[in-house]
Amino acid sequence: MVLITEKTSIEKKESLNDKKIQSLNKEMNRLIKQIFIPIIMALIIEIFFGIFNGGYFSVIYFVSNSVIFSMLIIYLIYGILIGITKKLSISTIIISILATIFLVINQLKILYTEEPILFSDLNFVSNINEIFNMISKDALMLVKGYALILVFLIITFYLIIRWTRKNELIVNNIKIRIVSIISSITVFMILFVPNKYTKNIFLNLFLPSGESDYTTSLSYCNQYSLLAGIYGILLNDRFNEPENYNEEQLNKILEYSNQIETTGSFGKPNIIVVFSESFWDIDKQNDVHLMK
């Protein structure tokens, strides 16, 4: 009788251990799947951009450093949002909304200017009402051409949100949330705060060919992915200096020019030089005559 009781007790313990192991395995599998959510979100953004604008897709493209940069950015945003909201599902909803708005506005800008959204566009935020009035008349017509893919994008985000709500990740530990917010913001500052000493490091790390020559910003983003391309353009535009640039020499020239006193009149100019930096035919202007 004693032997039977001991055997039953051992079997119960083994059964409990098996259940704990199974429960732990399920939790680990769920956590691993949740870790892949930011990667999926980054790939959706890049695929959407590539389909619209002639980007190419291959295994090499998806594992390239530039796409890894896109994933890093999404992870950092998740880190901040989860630290604030505590929940993966709420963070995913916010990112889905922001990504949809960003992709639509980016596509509208490409349709009007053949250029993607750049950080320099922040200078025009104060004129957003004027810009909206300018494009509102035919923006709807332009978006209609992408309606099917846009619906597919929204459905994809919806399915991801639905999955995250069923497999919710909740971070209640306040210390972990604070560390997540601070560490994510710190990495953002390292990446985006102007620093000419780290420029080439980041270009070579995320955009392997470094300071690549490109004809347009759109072709550059098609080459390196949307988010990494925008970042690369920021670095190249922010820190590029002309060859043999010397700030001290330039200041001396400016000081000298300010000391020069001009007298008399130049008279009426009879030669006008027109610099055309845009892709349009100036000869089409009836009132303009050029000497060739």
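Here the structure is a predicted model, which is why all the values come from computation and not from measurement.

Draft legend 1. Main features of the overall build of the chain. Regarding its fold elements, the chain presents 12 helices and zero strands. Beginning at the N terminus, the succession of helices and strands in the chain can be written as α-α-α-α-α-α-α-α-α-α-α-α. When the 292 residues of the chain are sorted by exposure, 31% land in the buried category. Taken as a whole, the chain presents about 20900 Å² of accessible surface, with 63% of it coming from carbon and sulfur.

Draft legend 2. Representation of the packing of aromatic side chains in the model. Per the counting criterion, the structure on display carries seven aromatic pairs. Judged by centre distance (5.5 Å) and plane angle (55°), the rings of Phe119 and Phe192 are tilted. Residue Phe119 is located in the loop between helix 5 (88–113) and helix 6 (128–144), and its partner Phe192 is located in helix 8 (residues 174–192); the two are separated by 73 residues in the primary sequence. Each ring, one from Phe192 and one from Tyr231, has its centre 5.1 Å from the other, and the planes form 75°; the classification is edge-to-face. Of this pair, Phe192 sits in helix 8 while Tyr231 sits in helix 11 (residues 226–239), and the two are 39 residues apart along the sequence. Chaining the aromatic ring pairs together yields one cluster made of Phe69, Phe119, Phe188, Phe192, Phe202, Phe206 and Tyr231.

Draft legend 3. Structural view of helix 2 (residues 37–53). Given a rise of 1.5 Å per residue, 17 residues ought to cover 24 Å, and the 25 Å separating the end C-alpha atoms of helix 2 matches this to within 8%. Most of helix 2 sits inside the fold, with 13 of its 17 residues counted as buried.

Draft legend 4. Geometry of the confidence of the model for the chain. Counting all residues, the mean pLDDT for the chain is 76, and 63% of those residues have values of 70 or more. Of all helices and strands in the chain, the one with the weakest mean pLDDT is helix 3 (residues 59–62) (46), whereas helix 8 scores best (92).

Draft legend 5. Structural detail: the side chain of Thr85. Secondary-structure assignment places Thr85 in helix 4 (residues 65–85). Assessed through its relative accessible area of 18%, Thr85 is described here as buried. There is a polar contact of 3.2 Å between the side chain of Thr85 and the side chain of Ser91. When sequence neighbours within four positions are dropped, the list of residues in contact with Thr85 reads Ile90, Ser91 and Ile94.

Draft legend 6. Examining unusual backbone geometry more closely. Its identity is not glycine, yet Lys86 carries a phi of approximately 75°, on the positive side. Assessed through its relative accessible area of 31%, Lys86 is described here as partly exposed. Phi at Glu114 is positive, roughly 60°, even though this residue is not glycine. Relative to the helices and strands, Glu114 resides in the loop between helix 5 and helix 6. Classification of Glu114 as exposed rests on a relative accessible area of 57%.

Draft legend 7. Summary view of helix 10 (residues 217–224). In terms of burial, helix 10 is a largely internal element, six of the eight residues being buried. Where helix 10 is concerned, the buried positions are Ser217, Leu218, Tyr220, Cys221, Asn222 and Tyr224. Downstream of helix 10 by one or two residues, Ser225 has phi in the positive range, about 90°.

Draft legend 8. The nonpolar core, seen in detail. With 46 residues, the main nonpolar core has Met41, Tyr78, Leu191 and Tyr231 as its most contacted residues. Counting only elements with at least two residues in this core, the list comes to helix 2, helix 4, helix 5, helix 7 (147–166), helix 9 (196–206), helix 10 and helix 11. Here Met41 is in contact with Ile74, Tyr78, Thr92, Ile95, Ser96, Phe157 and Ile160, once residues within four sequence places are set aside.

Draft legend 9. Structural view of the packing of helix 5 against helix 7. Running from amino to carboxyl end, helix 5 crosses helix 7 at an angle of 170°, the nearest separation of the two axes being 9 Å. The pairing of helix 5 with helix 7 is recorded here as roughly antiparallel in orientation. Residue-level inspection shows Leu88, Ser89, Thr92, Ile93, Ser96, Ala99, Thr100, Leu103 and Val104 of helix 5 in contact with helix 7, the latter providing Leu150, Leu153, Phe157, Ile160, Ile161, Thr164 and Arg165.

Quick notes on the rules
- Residues numbered from 1 in each chain as written.
- Predicted model: local features only at pLDDT ≥ 70, side-chain atom pairs only at ≥ 80, totals over all residues.
- Heavy atoms only, no water.
- Helix = DSSP H or I, 4+ residues; strand = E, 2+ residues; numbered from the N terminus.
- Buried < 20%, exposed > 50% of the residue type's maximum accessible area, 1.4 Å probe, protein only.
- Areas by Shrake-Rupley, 256 points an atom, 1.4 Å probe, with all protein chains shown as cover.
- Phe/Tyr/Trp six-rings, centres within 6.5 Å; stacked < 30°, edge-to-face > 60°.
- Expected span 1.5 Å × (residues − 1).
- pLDDT = per-residue confidence, 0-100.
- Polar contact = N/O pair within 3.5 Å; in protein donor to acceptor, adjacent residues only side chain to side chain.
- Contact = heavy atoms within 4.5 Å.
- Core = buried A, V, L, I, M, F, W, Y, C linked by side-chain atoms within 4.5 Å.
- Axes fitted to C-alpha atoms, helices over the stretch in contact; angles between N-to-C directions.
- Parallel < 35°, antiparallel > 145°, perpendicular 65-115°, else oblique.

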